[in-house]
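Each chain, letter by letter, is given below.
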Amino acid sequence: MTVRPWQLLPTSLSTRGTFAADPYPAYAWLREHAPVHRTKLPSGVDAWLVTRYADARQTLADTRLSKNPAHHDEPAHAKGRTGIPGERQADLMTHLLNIDPPDHTRLRRLVSKAFTPRRVAEFAPRVQELTDDLIERFAATGTADLIHDFAFPLPIYAICDLLGVPREDQDDFRDWAGMMIRHGGGPRGGVARSVKKMRGYLAELIHRKRMELPAEPVPGEDLISGLIRASDHGAHLTENEAAAMAFILLFAGFETTVNLIGNGTYALLTHPEQRRRLQRALAEGDRALLETGVEELLRYDGPVELATWRFATEPVVIGGQRIEAGDPVLVVLAAADRDPERFAGPDTLDLGRRDNQHLGYGHGIHYCLGAPLARLEGQTALATLLTRLPDLRLAVDPAELRWRGGLIMRGLRTLPVKFSPPRSGRT
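Our subject in this report is the structure included herewith. None of these values were measured; they are calculated from a predicted model. (Residues numbered from 1 in each chain as written. Predicted model: local features only at pLDDT ≥ 70, side-chain atom pairs only at ≥ 80, totals over all residues. Heavy atoms only, no water.)

A few points about the environment of Leu250
Note the following rule: Only DSSP runs of H or I covering at least 4 residues are called helices, and only runs of E covering at least 2 are called strands; the numbering of each starts at the N terminus. Only heavy atoms enter the contact rule, under which two residues are in contact if any of them lie within 4.5 Å.
As for its position among the elements, Leu250 is in helix α12 (residues 239-269). For the pair formed by Leu250 and Gly370, sequence separation is 120 residues and the distance between their alpha carbons is 10.0 Å. Setting aside its immediate chain neighbours within four residues, Leu250 contacts Ile159, Cys160, Leu163, Phe173, Met198 and Leu202.

Take a look at the structure:
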């Protein structure tokens, strides 16, 4: 018999709505009573959930657990239920979330040549400019929905600029991304259609950039041009590989940052002492607390609830449970990062927490390539919000907020706030 996590709790906490709003009591129960647990997901797929930190870290690095859906023991017609809707039909499977070494090693090395920490650091002024412009649009009104007005458009426009999507086309990407978020927990058809449109656009853009690519790199060259130019012992990304990589940077990069900003702001607004602590540090020009604070927000209520799919290629024992070849395995990052065996006071938000090796961006060879960009966007967004709108506060009771459905991501549908409009433009 298989049961869903929220069905394991006492009756008072066992409804799915309660679970979506606060899954942490369910995950605490699982960590204590069934740390490696087989369950039937809403999609109908049976999968193992791993909830303890030590087991999670082991699982994320275990080479016997493949990222390739071909290892799933489901029949061929059912395999699409475990990935991004439409990616198979759009021929977008050859990205880093779906492949293993040696192909993963080759592709990651090539992509890393283009997506460097230096490139991200050079992009910081543009992220700040986008952040200021978005806040400027609603600052005079005294109210905003921080998801729709701020957390959602910021990473979309940022990654489009970084990739080299022309400004006149970026609203199309915003529409496609919006469809992906709105349908995250519902019918997959709308997502698949958006994926198909994005795939067609990226293929055309990559082909055009390849034809127009200068012989030598130019200052400020965009990421797609860098992907085209990257080589390893004479081997380049194919146009299909480049399209798949651009797609996954968009798909995996934007919603994680939406949720980082949204969840992080909500956590600060519901922990006023921690918010004031960060505001004081920012006012004094001390950004150290901002850096540790974003890491703590990633641990405390991070944007990714479960790591992406893994499939056993041979029998594996995790936490005393035997997992058979072909079985899907999902690491519950939200549970692992609240494990009291690893973190002191795990249910307490402490922006100054130092010993904080959270798993919010994964672990091992699949550690998130875009983590530096997400951290840059999260730090910039939160610091600017708290500085420019110092009395930011929730406009509704927290009980009225709703969380988007879905399996992998965790984020708010809306975040209504109010604040005193700045007296004269930007502060």
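Quick look at the pairing of strand β1 (residues 36-40)
Keep this limit in mind: Two strands make a pair as long as DSSP finds a minimum of two bridges between them.
Where β1 lies against strand β2 (residues 46-50), 5 bridges are found, and the strand directions are antiparallel. Residue pairing for β2: His37 is matched across the bridge by Leu49. Counted between consecutive antiparallel strands, the loop separating β1 from β2 contains 5 residues, among which Gly44 sits at a positive phi close to 95 degrees.

Considerations on the sheet that holds strand β10 (residues 328-331)
This is how it is decided: Every axis in this analysis is a line fitted to C-alpha atoms, fitted for helices over the stretch in contact. Angles between the N-to-C directions lie between 0 and 180 degrees.
Spatial strand order, β1-β2-β10-β7-β3: 5 strands in an open sheet with mixed pairing. Unpaired on one side and paired on the other, β1 and β3 (65-66) mark the two borders of the sheet. As paired elements, β2 and β10 share 3 bridges and run parallel to each other. What sits directly across from Leu49, in β10, is Leu330. Helix α3 (residues 53-61) contacts β1, β2, β3, β7 (310-312) and β10 of the sheet and is inclined by roughly 125 degrees relative to β10.

Details of the sheet that holds strand β11 (residues 393-394)
Pairing is antiparallel across the open sheet formed by 3 strands, whose spatial order is β4-β12-β11. Unpaired on one side and paired on the other, β4 (143-145) and β11 mark the two borders of the sheet.

Details of helix α2 (residues 24-33)
Just so we agree on the cut-off: When accessible area is computed with a 1.4 Å probe and restricted to protein chains, residues below 20% of their type maximum are described as buried, those above 50% as exposed, and intermediate ones as partly exposed. Taking the helix axis as origin, the arc is that swept by the directions to the C-beta atoms.
Residues of α2 that are buried include every one of Tyr24, Ala26, Tyr27, Leu30 and Arg31, and no others. On an axial view of α2, the arc spanned by its buried residues comes to 155 degrees, and they lie on one face.

Observations concerning the packing of helix α6 (residues 124-138) against helix α16 (residues 371-388)
Helix packing for two helices is described by the angle between their axes and how far apart those axes are. Here is the rule: Orientation categories follow fixed angle ranges, with anything under 35 degrees roughly parallel, anything over 145 roughly antiparallel, 65 to 115 roughly perpendicular, and all other angles oblique. Note: crossing handedness is left-handed where the near helix turns anticlockwise from the far helix by less than a right angle, and right-handed where it turns clockwise.
Where α6 contacts α16, the two axes come as close as 10 Å, and the packing angle between them is 40 degrees. By the angle class used here, α6 and α16 are oblique. Like other packed secondary-structure pairs, α6 and α16 cross with a definite hand, here right-handed. When α6 is examined against α16, the residues Ala124, Val127, Gln128, Thr131, Asp132, Ile135 and Glu136 are found in contact with a partner set consisting of Leu376, Glu377, Thr380, Ala381, Thr384, Leu385 and Arg388.

Comments concerning the packing of aromatic side chains
For clarity, the threshold we go by: By convention, a stacked pair of Phe, Tyr or Trp rings (six-membered ring in the case of Trp) has centres within 6.5 Å and planes under 30 degrees apart, an edge-to-face pair has planes over 60 apart, and any other such pair is tilted.
Taken as a whole and assessed by the stated rule, the structure comprises 10 aromatic pairs. Ring centres of Tyr266 and Trp403 lie 6.1 Å apart, and the angle between their planes is 80 degrees; on these two criteria the pair is classed as edge-to-face. Of the two residues, Tyr266 sits in helix α12 while Trp403 sits in the loop between β11 and β12 (416-418), which places them 137 residues apart along the sequence. Residue classification places Tyr266 among the buried positions, given a relative accessible area of 16%. One aromatic cluster is present, formed by Phe138, Phe150 and Phe419 through successive ring pairs.

A closer look at α12
Selection rule: Here a helix's expected span is defined as the number of its residues, less one, multiplied by 1.5 Å.
The terminal C-alpha atoms of α12, which comprises 31 residues, lie 45 Å apart, in line with the 45 Å expected from a rise of 1.5 Å per residue. Most of α12 is tucked away, with 27 of its 31 residues classed as buried.

Topic: the pattern of salt bridges
What counts here: Any carboxyl oxygen of Asp or Glu within 4 Å of a side-chain nitrogen of Lys or Arg constitutes a salt bridge here.
Summed over the entire model, instances satisfying the criterion amount to 23 salt bridges. Here Glu129 and Arg126 are joined by a salt bridge, their closest N and O atoms 3.1 Å apart. Of the two residues, Glu129 and Arg126 are both situated in helix α6; the distance of 3 residues between them amounts to about one turn of the helix. Residue Glu129 is classed as partly exposed on the basis of its relative accessible area of 42%. The buried category is assigned to Arg126, whose relative accessible area is 17%. Notably, a salt bridge pairs Asp355 with Arg342, separated by 3.0 Å at the nearest N-O pair. Taken as a pair, Asp355 in the loop between α15 (333-336) and α16 and Arg342 in the loop between α15 and α16 lie far apart in primary sequence, 13 residues in all.

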